[in-house]
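Spelled out from the first residue to the last, the chains are:
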Amino acid sequence: LLLGVPTEPPAPEPSSLATLFRESAALDLDQLAGIALRIAAAPQDEQARIEMGCVLLVGGEAHWAEQAMLPAFHPGAGASFLRVLSGLWAVLGRMDRALDAARSASERAPDVADYHIHHAGLLLNGSDPGLALLAAGRAIGLEPGNAVAWRFASSAYLSLGLTAEAIDASRRAAALSQDQ
């Protein structure tokens, strides 16, 4: 709340969701109905919320995807939930929230390279190449053969003015991309 005024949009009404589902040809209604039943049975089920958010996002409904996920958002949310929510917030342009969620996901699951790669990408977009390089380095440490992690490291090196390191990382990424 900001001066007594809600800062978040209100939760969607069931009737507005029904209208959305009827109007969007891109949404798989049977799939959504099955997920909705799982959410009704267990409202805090993070996996069901992730699935609902992903289906809505793929259907072009990023705002509704966020609304589907937010009821399960809490300080102890799981790493995979935070990773998906971070990506969703990035799509919606909420970069501060996206970065916080990505950092939390990386901290909660430090052995998952994808979370560090995602975090590195957001940090690069946010013009923080030093932290992006650290995140990419963590991913490379976990998965030395991950071409995306090497590309992010290369971009970070270049942004830091470390041209020789950027070229080396870029060559490594290119070689790995050819192997895959």
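These remarks concern the structure in this document. (Residues numbered from 1 in each chain as written. Predicted model: local features only at pLDDT ≥ 70, side-chain atom pairs only at ≥ 80, totals over all residues. Heavy atoms only, no water.)

**Some words on the overall build of the protein**
Next, step 1: Secondary structure summary: the protein contains ten helices and zero strands in total.
Next, step 2: When the helices and strands of the protein are read in sequence order from the N terminus, they spell out α-α-α-α-α-α-α-α-α-α.
Next, step 3: Burial status across the protein gives 39% buried among its 180 residues.
Next, step 4: A sequence separation of at least 24 residues applies to 49% of the contacts in the protein between residues at least 6 apart. (Helix = DSSP H or I, 4+ residues; strand = E, 2+ residues; numbered from the N terminus. Buried < 20%, exposed > 50% of the residue type's maximum accessible area, 1.4 Å probe, protein only. Contact = heavy atoms within 4.5 Å.)

**Structural notes on the pattern of salt bridges**
Next, step 1: One pass over the structure, following the stated rule, counts five salt bridges.
Next, step 2: When the shortest N-O distance is used, the salt bridge between Arg 38 and Glu 51 registers 2.7 Å. Linking Arg 38 in helix H2 (residues 29-41) with Glu 51 in helix H3 (residues 46-58), this pair joins segments that are 13 residues apart in sequence.
Next, step 3: Exposure remark for Glu 51: the relative accessible area of 27% places this residue in the partly exposed category.
Next, step 4: Across the pair Glu 66 and Arg 94 runs a salt bridge whose closest N-O atoms are separated by 2.5 Å. One end of the pair, Glu 66, is in helix H4 (residues 62-69); the other, Arg 94, is in the loop between helix H5 (79-91) and helix H6 (95-108), and 28 residues separate them in sequence. (Salt bridge = Lys/Arg side-chain N within 4 Å of Asp/Glu carboxyl O.)

**Points about the side chain of Arg 49**
Next, step 1: Considering the arrangement of structural elements, one finds Arg 49 in helix H3.
Next, step 2: Notably, Arg 49 is buried but unbridged: the nearest opposite-charge side chain belongs to Asp 45, and the N-O separation is 7.9 Å.
Next, step 3: Not counting the four nearest positions on each side in its chain, Arg 49 is found in contact with Ile 39, Pro 43, Ala 68, Met 69, Pro 71, Ala 72 and Phe 81. (Lys, Arg positive; Asp, Glu negative; His and termini not counted.)

**Thoughts on the nonpolar core**
Next, step 1: Within the largest apolar cluster, 48 residues are counted, with the highest numbers of intra-cluster contacts made by Met 52, Leu 56 and Phe 81.
Next, step 2: Of the residues forming this core, the biggest block, seven residues, is contributed by helix H7 (residues 113-125).
Next, step 3: Excluding anything up to four places from it in sequence, Phe 81 contacts Glu 46, Arg 49, Ile 50, Met 69, Ala 72 and Phe 73. (Core = buried A, V, L, I, M, F, W, Y, C linked by side-chain atoms within 4.5 Å.)

**Quick word on the packing of H7 against helix H8 (residues 129-142)**
Next, step 1: One way to put it is that H7 packs onto H8 with a least axis distance of 8 Å and a crossing angle of 160 degrees. The pairing of H7 with H8 is recorded here as roughly antiparallel in orientation. Relative to H8, H7 is oriented so that their crossing is left-handed. When H7 is examined against H8, the residues Ala 113, His 116, Ile 117, His 119, Ala 120, Leu 123 and Leu 124 are found in contact with a partner set consisting of Pro 129, Leu 131, Ala 132, Ala 135, Ala 136, Arg 138, Ala 139 and Leu 142. (Axes fitted to C-alpha atoms, helices over the stretch in contact; angles between N-to-C directions. Parallel < 35°, antiparallel > 145°, perpendicular 65-115°, else oblique. Left-handed = near helix turned anticlockwise from the far one by under 90°.)

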